[in-house]
Amino acid sequence: MNMETIRELQAYGYIFFTIFLAVILYSYLYHLYKAEKKGTRNYEQYSNIALHDNLDDAPVESRTPSNKEKE
Amino acid sequence: MQANHALNYDYSVAKCFTYATILFGIIGMLIGVVIAYQMAFPDLNYLAGEYGTFGRLRPLHTSGVIFGFLLSGIFATWYYVGQRVLKVSMAESPFLMIVGRLHFWIYMITILAAVVTLFMGIGTSKEYAELEWPLDIAVVVLWVLWGISIFGLIGIRREKTLYISMWYYIATFLGVAMLYLFNNMEVPTYFVAGMGKWYHSVSMYAGTNDAMVQWWYGHNAVAFVFTVPIIAMIYYFLPKESGQPVFSYKLSLLSFWGLMFVYLWAGGHHLLYSTVPDWVQTMGSIFSIILILPSWGSAINMLLTMKGQWGQLKENPLIKFMIFASTFYMLSTLEGPIQAIKSVNALAHFTDWIPGHVHDGTLGWVGFMTMAALYHMAPRMYKRELYSKKLMESQFWIQTTGIVMYFSSMWIAGITQGMMWRATDQYGNLAYSFIDTVTVLIPYYALRATGGLLYLIGFFMFAYNLYKTMTVSKAIEREPQNASPMAA
Amino acid sequence: MFHWLEKNPFFFAVGVFLVIAYAGVVTILPDFMESARPVTGTKPYTVLELAGRQIYIKDSCNACHSQLVRPFKSETDRYGMYSLSGEYAYDRPFLWGSKRTGPDLMRVGNYRTTDWHEYHMLAPQSVVPGSIMPAYKHMFKNNTDIETAYAEALTVKKVFNVPYDQPDMPKLGTYDEAKKALMEEAALIVADMKDPEVKEAFKRGEIKEIVAIIAYLNSLK
């Protein structure tokens, strides 16, 4: 492969990345708000992971359903 | 949760790393102050024979504060925060306890060996990657142990969702692993030639390629050691200390991916005016400027977390440390992209403005945040209230003065130097010989060193305050929910 | 997809890694492939120069001195021709530096001499009044580690095909041959020096560090 081809590939790499970046970040933003609007997820509640972090505090989202039943 | 009633978070490893943070902080910053004074008063080079010259001490200072002070600070907070946001105690897994202890001891041995070898002048000269190959291997081992500790704890977690701080710790782990491995590729000469010093090695890359790998590492090591883990700290400690939920958790998630996407693309700005094609250099500059967005996303998120609670800034010195840290984060993430603009870079490169910029970030952002984190952890780890609020207040103001003296003198020195190097007389000849551009800076060097000294004094106050907290402070009965208790 | 990533630490880690690794591949690799070819006339270092280079690294000269002349008139006027990528083809590691507390040394061999370096290393202020560089007196006491320098030369020859022992290139040969050539090279430098102890030691067959580092500095052109 000569240097010109490599440079061309590099340029495509850049363009691909820039588009990919824009698409991912915007769709992520869209996803975050849509999930909240539809009520499937409440992202803001996760801040409580830091605020209620004693070992005997109830997890914000328990990992196993059985844990929840025990409480 | 009956079964877990007697269970507590296990802070033994976090405590060990806290001591290491203080120890290496003192060593690293003390050497920093010495070399800063050496630039103003060259006679100070002869305090310890060949082991006391600027050349020997400079790598010790950088490695000491980065891999000694800061890294142990990151580990200390990880062994504290990790358990809490995953809601699982290390004591639940004897395996993870062993890994944690082993991690600490291998770390201590490695860093102490690093201090000794750098004093002796054994190193590869690549900035922030000076260690020779046997120590590089030790670093890899301790990094793998840290990885086991992170993913092991995640494996037994109770909290299903990973808190945003965890994201940043994971990114630190992965980023540094990749960068360190590639930049330290070297061939031990003894095993090829069968003679000479057994620990000597030669870089796998030559010349320009070596420079590219080094600055790819140098730039991104700043990302993954100075930025990412400190954001991990502030996303936990600021909300916890103030009792305020993060202003917008969604913004924190978005900033995370923004930072991951953009940071590594900005590396091109270290290669300005080299043989790299123009458009790659320009892309480097552009991405550096885009980088302001995710950085400020996190910083503003932190400032807005305090919305309506600004009174805490007056009452609680810990909040003051953290808010000041995020303000400085905003300043240095604005200053960096400015220096990445090609015409500014032509002036600023190789001058004192660059160390000035680095220290904005390290003293203001990294140093303040790490100390605030340890202050917050101490009452919970030792079950005693913080020893003295007054001492913290004065420490804050002494260190802030130090930082301001540091960066203002280095701004002036850097720009003066850059302008004098290029100044010409009316016939187009260079106006100054090199030594003219050195002697003019000596007052600024003295000012800078004094700024550093103030910061060091503040650090001693920090160490003393923590020491008293651990030993004689009033015991507290139950763990405080938010604001850390402190005696006047 | 996003939801799933947030819940699966392993795939989350893979995702982060891919994002940062991709950036490395696209920004670094192409320049890497354009592997710096040596400019005509660039030669690998002799063993004595290499030993001097190791001393340069040992005392971190690169903490204050750059070796990179940028393509600006103010720099070419001061230091000479701007640097070309191929001139660094035998530099392992590179020593561009990142800070100019002292002047650039890329072409210092063109305008400084052995005796200038000797005075300067012993007492910088005696030749450059106002200099803030420390004296490096220990270079007059410590012996040069020739074996390690030879080991490095042999390693780069074997592993990276650095053209030692080829027509018009420096000879390396066996250790004894290299040692003999090195003593001859050092003799020329010692002859230009004043320090009686260094001369005395050379007669005994010892090469002080100062001799090697001057050989290296003189080779920078």
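Worth saying up front: this structure is predicted, and the values here are computed from it rather than measured.

A. A look at the overall build of chain A. Of the regular secondary structure elements, chain A holds three helices and zero strands. When the helices and strands of chain A are placed in sequence order, the string is α-α-α. Taken over 71 residues, chain A has a buried fraction of 10%.

B. Geometry of the interface of chain B and chain C. With 66 residues of chain B in contact, the opposing surface of chain C contributes 66 residues. Counting residues per element, the side of chain B that touches chain C draws most heavily on helix α7 (residues 207-242) of chain B, at eight residues. Grouping the amino acids of the side of chain B that touches chain C by side-chain chemistry returns 35 nonpolar, 22 polar and nine charged.

C. Expanded view of the interface of chain C and chain A. Across the contact, six residues belong to chain C and ten residues belong to chain A. Elements supplying a minimum of two residues to the side of chain C that touches chain A: α1 (2-7) and α2 (9-33) of chain C. Here the residues of the side of chain C that touches chain A are counted per class, giving four nonpolar, one polar and one charged.

D. Representation of the environment of Leu48(C). Take Leu48(C): it is sitting in helix α3 (residues 47-58). Its 27 C-beta neighbours within 10 Å are what place Leu48(C) among the buried residues.

E. Seen up close, the nonpolar core. Residues Ile234(B), Met322(B), Ala325(B), Met369(B) and Ala372(B) are the most contacted members of the largest nonpolar core, which totals 220 residues. Considering each element in turn, this core owes the most residues, 19 residues, to α7(B). Lining this core are residues from two domains, each supplying at least three of them: domain 1 (2-33) and domain 2 (47-219) of chain C. Apart from the residues lying within four places of it in its own chain, the contact partners of Met369(B) are Ile230(B), Met233(B), Ile234(B), Met322(B) and Ala325(B).

F. The arrangement of the packing of helix α3 (residues 94-120) of chain B against helix α4 (residues 133-155) of chain B in detail. Residues and elements named next belong to chain B. At a closest axis distance of 9 Å, the pairing of α3 and α4 adopts a crossing angle of 155°. By the angle class used here, α3 and α4 are roughly antiparallel. In the packing of α3 onto α4, the handedness of the crossing is left-handed. Judged by residue contacts, Phe 95, Leu 96, Val 99, Gly 100, Leu 102, His 103, Ile 106, Tyr 107, Thr 110, Ala 113, Ala 114 and Thr 117 of α3 engage Leu 135, Ala 138, Val 139, Val 141, Leu 142, Leu 145, Trp 146, Ile 148, Ser 149, Gly 152 and Leu 153 from α4. Here the residues of the contact of α3 with α4 are counted per class, giving 17 nonpolar, six polar and no charged.

G. Summary view of the environment of Gln67(C). Residues and elements named next belong to chain C. Take Gln 67: it is sitting in the loop between α3 and α4 (73-79). Gln 67 sits 33 residues away from Arg 100 along the chain, and the two C-alpha atoms are 9.5 Å apart. Excluding its chain neighbours within four sequence positions, the residues that come into contact with Gln 67 are Leu 95, Trp 96, Gly 97, Asp 104, Leu 105 and Met 106.

H. The confidence of the model for chain B, seen in detail. Residues and elements named next belong to chain B. For chain B, the mean per-residue pLDDT works out to 90, and 97% of the residues sit at or above 70. By mean pLDDT, the top-scoring element of chain B is helix α17 (residues 442-471) (96), and the lowest-scoring one is helix α9 (residues 278-290) (79). Reported for the predicted complex are a pTM of 0.92 and an ipTM of 0.90.

What counts, and where the lines are drawn
- Per-chain numbering applies: the sequence of each chain, read as written, is numbered from 1 onward.
- Note on labels: chains are lettered from A, ligands numbered from 1, in written order.
- Local features in this predicted model are restricted to residues whose pLDDT is 70 or higher, and side-chain atom pairs enter the listing and the counts only when it is 80 or higher, whereas totals over whole chains, interfaces and linings include all residues.
- Here a strand is any run of E in DSSP of at least two residues, a helix any run of H or I of at least four, and the numbering for each starts at the N terminus.
- Exposed residues have 12 or fewer other C-beta atoms within 10 Å of their own C-beta, buried residues have 20 or more, and partly exposed residues fall in between, where C-beta atoms are placed from the backbone.
- We call two residues in contact when the distance between their C-beta atoms, placed using the backbone, is within 7 Å.
- For this classification, the nonpolar set comprises Ala, Val, Leu, Ile, Met, Phe, Trp, Tyr, Cys and Pro, the charged set comprises Asp, Glu, Lys and Arg, and every other residue, Gly included, is treated as polar.
- Think of a nonpolar core as buried Ala, Val, Leu, Ile, Met, Phe, Trp, Tyr and Cys residues chained together by C-beta atoms that fall within 7 Å.
- By convention here, the domain bounds are inherited from an automatic or database domain assignment.
- Note on definitions: angles span 0 to 180 degrees between N-to-C directions of axes, and those axes are lines fitted to C-alpha atoms, for helices only across the stretch in contact.
- Roughly parallel refers to an angle under 35 degrees, roughly antiparallel to one over 145, roughly perpendicular to one between 65 and 115, and oblique to any angle outside these ranges.
- Crossing handedness is defined as follows: a turn of the near helix away from the far one that is anticlockwise and smaller than a right angle gives a left-handed crossing, while the clockwise case is right-handed.
- The predictor reports its confidence for every residue as pLDDT, a score running from 0 up to 100.

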